[in-house]
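For reference, the chains in residue letters:
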Amino acid sequence: MKLTCLAVHMKERTLKGFGRRLADIRRSRAMTQAELGEAVGVSKRVIAYYEQADAQSRGALLIDLARALRVSTDQLLGLKAQKETPDPRAARLLKRLQRIEQLPSADIRVVLKMIDGLLDRHARANGRG
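Residues numbered from 1 in each chain as written. Predicted model: local features only at pLDDT ≥ 70, side-chain atom pairs only at ≥ 80, totals over all residues. Heavy atoms only, no water.

Chemist: What exactly am I supposed to notice about the packing of aromatic side chains here?
Modeler: For any pair of aromatic rings, geometry is given as the distance between the ring centres together with the angle between the planes. The full count for this structure, using the stated rule, is one aromatic pair. Their ring planes at 65 degrees and their centres at 5.3 Å tell us that Tyr49 and Tyr50 sit as a pair that is edge-to-face. Among the residues examined, Tyr50 registers a relative accessible area of 9% and is labelled buried. (Phe/Tyr/Trp six-rings, centres within 6.5 Å; stacked < 30°, edge-to-face > 60°. Buried < 20%, exposed > 50% of the residue type's maximum accessible area, 1.4 Å probe, protein only.)

Here it is, written out as structure tokens:
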């Protein structure tokens, strides 16, 4: 088989929607392409390439991607239904809260007081307080 025939054959065997699934799962985990790339040892550019509609990861990287995204390879490939994933906004908020947890106790108290004050002010402005 000539190289061009092999390339066409491999492209035909690509599972549809891999790039979209990869991007959707990555976003639901509130990860950037750069963060995912760093987690699996490749560049942001490689992740962007695999998120294209016609690209699909090679086997070894597929396993690393699934681990970094906390999904099975079957879910990433679309062979198994994806488990419910959090809203990307909720995932970003959770990521921030986890970073806040790493602060010293006094700083955590300051952050919580700021949040409580903002929520109280918002409630009063909307006639709920």
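Back to the text.
Chemist: What exactly am I supposed to notice about the pattern of salt bridges here?
Modeler: Pairing of side chains with opposite charge becomes possible as their charged atoms draw close. Taken as a whole and assessed by the stated rule, the structure comprises three salt bridges. With a closest N to O distance of 3.6 Å, Arg27 and Asp24 form a salt bridge. Residue Arg27 and its partner Asp24 are both found in helix H2 (residues 18-28); the two are separated by three residues, about one turn of the helix. Given a relative accessible area of 43%, Arg27 falls into the partly exposed group. Linking Lys95 and Glu35 is a salt bridge whose minimum nitrogen-to-oxygen distance equals 2.8 Å. In this pair, Lys95 is assigned in helix H7 (residues 88-101) and Glu35 in helix H3 (residues 33-40), connecting sequence segments 60 residues apart. A residue is classified by how much of its surface remains accessible, and Lys95, at 28% relative accessible area, is partly exposed. (Salt bridge = Lys/Arg side-chain N within 4 Å of Asp/Glu carboxyl O. Helix = DSSP H or I, 4+ residues; strand = E, 2+ residues; numbered from the N terminus.)

Chemist: Can you walk me through unusual backbone geometry in this structure?
Modeler: One can expect most non-glycine residues to show negative phi and most peptide bonds to be in trans. A positive phi angle, close to 55 degrees, is found at Ala30, a residue other than glycine. Relative to the helices and strands, Ala30 resides in the loop between H2 and H3. Here Arg70, not a glycine, exhibits a phi torsion of approximately 60 degrees, which is positive. Locating Arg70 in the fold gives a position in the loop between helix H5 (59-69) and helix H6 (73-77). A relative accessible area of 61% places Arg70 in the exposed class.

Chemist: Hey, could you run me through the nonpolar core in this one?
Modeler: Nonpolar side chains in soluble globular proteins tend to be buried together. Of all hydrophobic cores here, the largest spans 18 residues; its most connected members are Phe18, Leu22, Leu36, Val40, Leu65, Leu69 and Leu76. Elements supplying a minimum of two residues to this core: H2, H3, helix H4 (44-50), H5 and H6. With six residues, H5 is the single largest residue contributor to this core. Not counting residues within four places of it along the chain, the set of residues in contact with Phe18 comprises Tyr50, Ala55, Gln56, Ser57, Leu62, Leu76 and Leu77. (Core = buried A, V, L, I, M, F, W, Y, C linked by side-chain atoms within 4.5 Å. Contact = heavy atoms within 4.5 Å.)

Chemist: Can you help me understand the environment of Thr32 in this one?
Modeler: Mapped onto the fold, Thr32 is located in the loop between H2 and H3. Judged by its relative accessible area of 39%, Thr32 is partly exposed. Once the C-alpha coordinates of Thr32 and Lys44 are considered, the two residues, twelve residues apart in sequence, prove to be 8.5 Å apart.

Don't take any of this as a statement about function, it's just geometry.
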